[in-house]
Amino acid sequence: MRVRRILIALAAVAAAMFAVDTPASAQSQGQRRATPPAKQEAARPARPHRRDRAQRLAVLFEALKQAPNAQAAQAIESRIEAMWLQSGSDTADLLVTRARGMIEAKNYDLSLKLLDATIDVAPQFTEAYAQRATVYYVKKDLYRALADLRVVIAREPRHFTAYAGLGVILQDVGEHKRARDAFRRAVELNPFLKGIPEMLKKLEVRVDGREI
């Protein structure tokens, strides 16, 4: 019964994650996060930079979908990920860089502390949540991993790595249909995402009963 409750809870979280990728939801979130009138004037100088960054990301994502081969896709993917790692805060950027180093060194406890500190310093830094989701997954804390992935996908619906991570978790707990859907979204955004197209094909055979 405990396993069943866990699967139901994970499925509910996953359904909510896909629901955030809708125009209505995005508009609602934008309204909730609207800058208070007293702070609007101070926020104005940063807006052109945000627009420029959004435009550059849009161009890169379109190029990624149209990439002719894996080598070209990897180069574009690296540029997107480099932009994701720019928070606008030198302190937050440094903390995430150190956390990533600790992840590579498999020092997950320290990486988690660094990422928690990053989010305290820069709570709007989406990539810090993405990195923390990875650590939670490795530590087998699936609830917290899914919670962080939900934040990432809500803020950046094109985050192909987050969808790939969601697919891996759902596949691990036997939610094969939802895993297939997550992998499909990841591949739609990045057709050459390492390992994911192959995992998707296997799931499609398992779920749909035939090769797609």
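Residues numbered from 1 in each chain as written. Predicted model: local features only at pLDDT ≥ 70, side-chain atom pairs only at ≥ 80, totals over all residues. Heavy atoms only, no water.

Here's the deal with unusual backbone geometry
Rules: Strands are runs of DSSP state E lasting at least 2 residues, helices are runs of H or I lasting at least 4, and numbering of each runs from the N terminus.
Of note, lysine 106 is a non-glycine position whose phi angle comes to about 65°, a positive value. In this structure, lysine 140 is a non-glycine residue whose phi angle is positive, near 65°. Within the secondary structure layout, lysine 140 lies in the loop between α8 (126-138) and α9 (142-155).

Some thoughts on the packing of helix α10 (residues 160-172) against helix α11 (residues 176-189)
To be explicit about the condition: With axes taken as lines fitted to C-alpha atoms, and helix axes fitted only over the stretch in contact, angles between N-to-C directions fall between 0 and 180 degrees. In what follows, roughly perpendicular refers to angles from 65 to 115 degrees, roughly parallel to angles under 35, roughly antiparallel to angles over 145, and oblique to any angle outside these ranges. Two helices cross in a left-handed way if the nearer one is turned anticlockwise from the farther one by less than a right angle. They cross in a right-handed way if the turn is clockwise. Contact definition: two residues touch when any of their heavy atoms are within 4.5 Å. Under the scheme applied, nonpolar residues are Ala, Val, Leu, Ile, Met, Phe, Trp, Tyr, Cys and Pro; charged residues are Asp, Glu, Lys and Arg; polar residues are all the others, including Gly.
Interhelical geometry of α10 versus α11 gives an angle of 160° and a closest axis separation of 8 Å. Regarding the angle of α10 to α11, the classification is roughly antiparallel. For the pair α10 and α11, the sense of crossing is left-handed. Contacts from Phe160, Tyr163, Ala164, Leu166, Gly167, Val168, Leu170 and Gln171 in α10 reach His176, Arg178, Ala179, Ala182, Phe183, Arg185, Ala186 and Leu189 in α11. In terms of residue class, the contact of α10 with α11 is made up of 11 nonpolar, three polar and two charged.

Observations concerning the packing of aromatic side chains
Selection criterion: For Phe, Tyr and Trp, rings pair up if their centres lie within 6.5 Å, where Trp contributes its six-membered ring, and each pair is then called stacked (planes under 30 degrees apart), edge-to-face (over 60) or tilted (otherwise). Exposure classes here rest on a 1.4 Å probe applied to the protein chains alone. A residue is buried below 20% of its type maximum, exposed above 50%, and partly exposed in between.
In this structure the tally under the stated criterion is three aromatic pairs. Taking 6.3 Å as the distance between ring centres and 70° as the angle between the ring planes, the aromatic pair formed by phenylalanine 61 and phenylalanine 160 counts as edge-to-face. Of this pair, phenylalanine 61 sits in helix α4 (residues 47-65) while phenylalanine 160 sits in helix α10; the two residues are 99 residues apart in sequence, bridging distant segments of the chain. According to the relative accessible area criterion, phenylalanine 61 is buried, its value standing at 4%. Ring pairs connect the aromatic residues Phe61, Trp84 and Phe160, which therefore count as one cluster.

A closer look at the nonpolar core
To keep things clear, this is the line we draw: Here the nonpolar core consists of buried residues drawn from Ala, Val, Leu, Ile, Met, Phe, Trp, Tyr and Cys, with membership extended through side-chain atoms lying within 4.5 Å.
Membership of the largest hydrophobic core comes to 49 residues, with the highest contact counts inside it found for Ile80, Phe160, Leu166 and Ile196. At seven residues, α10 tops the list of elements feeding residues into this core. The contact partners of isoleucine 196, leaving out residues within four places of it in the chain, are Ala164, Phe183, Ala186 and Val187.

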